[in-house]
Amino acid sequence: MTNIPRAQDQLFAGRQSARERYSALVVGRPGWGALLHYEAVQMLGQNVPGAFGLALRKTLFPSLLGACGRNVIFGQNVVLRHPHKIRIADNVVIDDNCLLDAKGEGNRGISIGSGVFIGRNSILSCKNGDIDLADGANIGFNCEVFSASRVAIGRDTLLAAYCYVIGGDHDFSDPAAAVLMQGRKSDGVAIGAGAWLGAGAKILDGVTIGDRAIVGAGAVVRDAVPEGAIAVGIPARVVGQRDEAAAGSMK
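Keep in mind that this is a model prediction, so the values were computed, not measured. (Residues numbered from 1 in each chain as written. Predicted model: local features only at pLDDT ≥ 70, side-chain atom pairs only at ≥ 80, totals over all residues. Heavy atoms only, no water.)

Under the defined criterion, the tally for this structure stands at 11 salt bridges. Arg108 serves as the salt-bridge partner of Asp132, at 3.1 Å between the closest nitrogen and oxygen. Placement of the pair is Asp132 in strand β10 (residues 130-133) and Arg108 in the loop between β6 (99-101) and β7 (110-112), with a sequence separation of 24 residues. Accessibility expressed as a relative area gives 13% for Asp132, which makes it buried. In this structure, Asp132 engages Arg150 in a salt bridge whose closest nitrogen and oxygen atoms are separated by 3.0 Å. Taken together, the positions of Asp132 in strand β10 and Arg150 in strand β13 (residues 150-153) put the pair 18 residues apart, joining distant regions of the chain. The structure contains a network of salt bridges with shared partners spanning Arg108, Asp130, Asp132 and Arg150. (Salt bridge = Lys/Arg side-chain N within 4 Å of Asp/Glu carboxyl O. Helix = DSSP H or I, 4+ residues; strand = E, 2+ residues; numbered from the N terminus. Buried < 20%, exposed > 50% of the residue type's maximum accessible area, 1.4 Å probe, protein only.)

Structure follows, in structure tokens:
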């Protein structure tokens, strides 16, 4: 069981100053130097529109990150939390209004491979967990990837718009207590290479999706999906294999 403090508990805890609480929640490093550096980069580049804003963020944002490759594009209003635990490879696009939150005390954070696209309004959120996006992964608009342990999304995998990958769950074993006040548990999620999640698909904690599998739009996946399988419905069930579908279409 994992105890993950709520943001309001971290912001309003009385043991630290307001600056220390903000730094712990957002910056991830103590001290005035780290805070001023973070604030300066966000203030100068985050909201600047147009080509000048893109150029400014391309110059400034890498100084906050754990690693940043070549030709990385940061859209307007991209928010970075605990950015020193975010590593980005070459030729990556992070569209407008995205949140990359690598928050945690003992985690590695977020790793983004080469050629990855993250669509606008999407959220990568760590709560003491790790998120790994392999080379060529494509995250559509308005998606959320949440990790309280580890979420891995394979090479050239496509998540259509409004997909949710939920690498964690709430404990509700005590019926007398509010679920919000109980701990979290997490087994993580693994999505193989070349898979496709249709629009609005939801992948629940503990699920493994095999290479080249397809998950239909709006499906809720709570059990493993084998390699090359096609799964649809609520809850999702396997209705075929890609090899069989391709053979049928050729007859």
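For the pair helix α3 (residues 32-45) and helix α4 (residues 50-60), the least separation of the axes is 9 Å and the interaxial angle reads 165°. Classified by the angle their axes make, α3 and α4 are roughly antiparallel. Like other packed secondary-structure pairs, α3 and α4 cross with a definite hand, here left-handed. Across the interface between the two elements, Val41, Leu44 and Gly45 of α3 pack against Leu56, Arg57 and Leu60 of α4. Residue classes in the contact of α3 with α4 are distributed as four nonpolar, one polar and one charged. (Axes fitted to C-alpha atoms, helices over the stretch in contact; angles between N-to-C directions. Parallel < 35°, antiparallel > 145°, perpendicular 65-115°, else oblique. Left-handed = near helix turned anticlockwise from the far one by under 90°. Contact = heavy atoms within 4.5 Å. Nonpolar A, V, L, I, M, F, W, Y, C, P; charged D, E, K, R; others polar.)

So, about α4. Buried within α4 we find Gly53, Arg57 and Leu60. Down the axis of α4, the buried side of the element spans an arc of 75°, and every buried residue falls inside it. Of the exposed residues in α4, the ones pointing more than 90 degrees away from its buried face are Ala51, Phe52 and Thr59. Residues of α4 that are buried make contact with α3 and β2 (73-74). (Arc of directions from axis to C-beta.)

Looking now at the sheet that holds strand β22 (residues 214-215). Strand order in this open sheet of nine strands is β2-β5-β8-β11-β14-β19-β22-β24-β25, and the pairing throughout is mixed. Sheet topology places β2 and β25 (237-241) at the edges, where each strand pairs with a single neighbour. Across two bridges, strand β8 (residues 117-118) lies against strand β11 (residues 138-139) in parallel orientation. Paired with Ile118 across the two strands is Ile139, which belongs to β11. (Pairing = 2+ DSSP bridges.)

This next bit is on the environment of Arg212. On the secondary structure map, Arg212 appears in the loop between β21 (208-209) and β22. Once the C-alpha coordinates of Arg212 and Ala193 are considered, the two residues, 19 residues apart in sequence, prove to be 6.1 Å apart. Ignoring anything within four residues of it in the chain, the contact list for Arg212 reads Ala193, Gly194, Ala195, Glu227, Gly228, Arg242 and Asp243.

This next bit is on the side chain of Asp101. Relative to the assigned elements, Asp101 resides in strand β6. Assessed through its relative accessible area of 2%, Asp101 is described here as buried. Among the polar contacts listed, one links the side chain of Asp101 to the side chain of Lys103, at a separation of 2.6 Å. Discounting residues that sit within four places of it in the chain, Asp101 has contacts with Arg81, Ile110, Leu124, Ser125 and Cys126. (Polar contact = N/O pair within 3.5 Å; in protein donor to acceptor, adjacent residues only side chain to side chain.)

Between helix α2 (residues 18-27) and α3, the least distance of the axes is 11 Å, while the angle of their chain directions is 60°. Viewed along their axes, α2 and α3 adopt a mutual orientation that is oblique. α3 is crossed by α2, and the crossing has left-handed handedness. Two secondary-structure elements touch here, α2 through Arg19, Tyr22, Ser23, Val26 and Val27 and α3 through Trp32, Ala34, Leu35, Tyr38 and Glu39.

Strand order in this open sheet of seven strands is β3-β6-β9-β12-β15-β20-β23, and the pairing throughout is parallel. Two strands lie at the open edges of the sheet, namely β3 (79-81) and β23 (220-221), each paired on one side alone. Both strand β12 (residues 144-147) and strand β15 (residues 164-167) contribute to a ladder of four bridges, which runs parallel. Note on β15: the bridge partner recorded for Val145 is Val165.

Worth remembering: the numbers are spatial, not functional.
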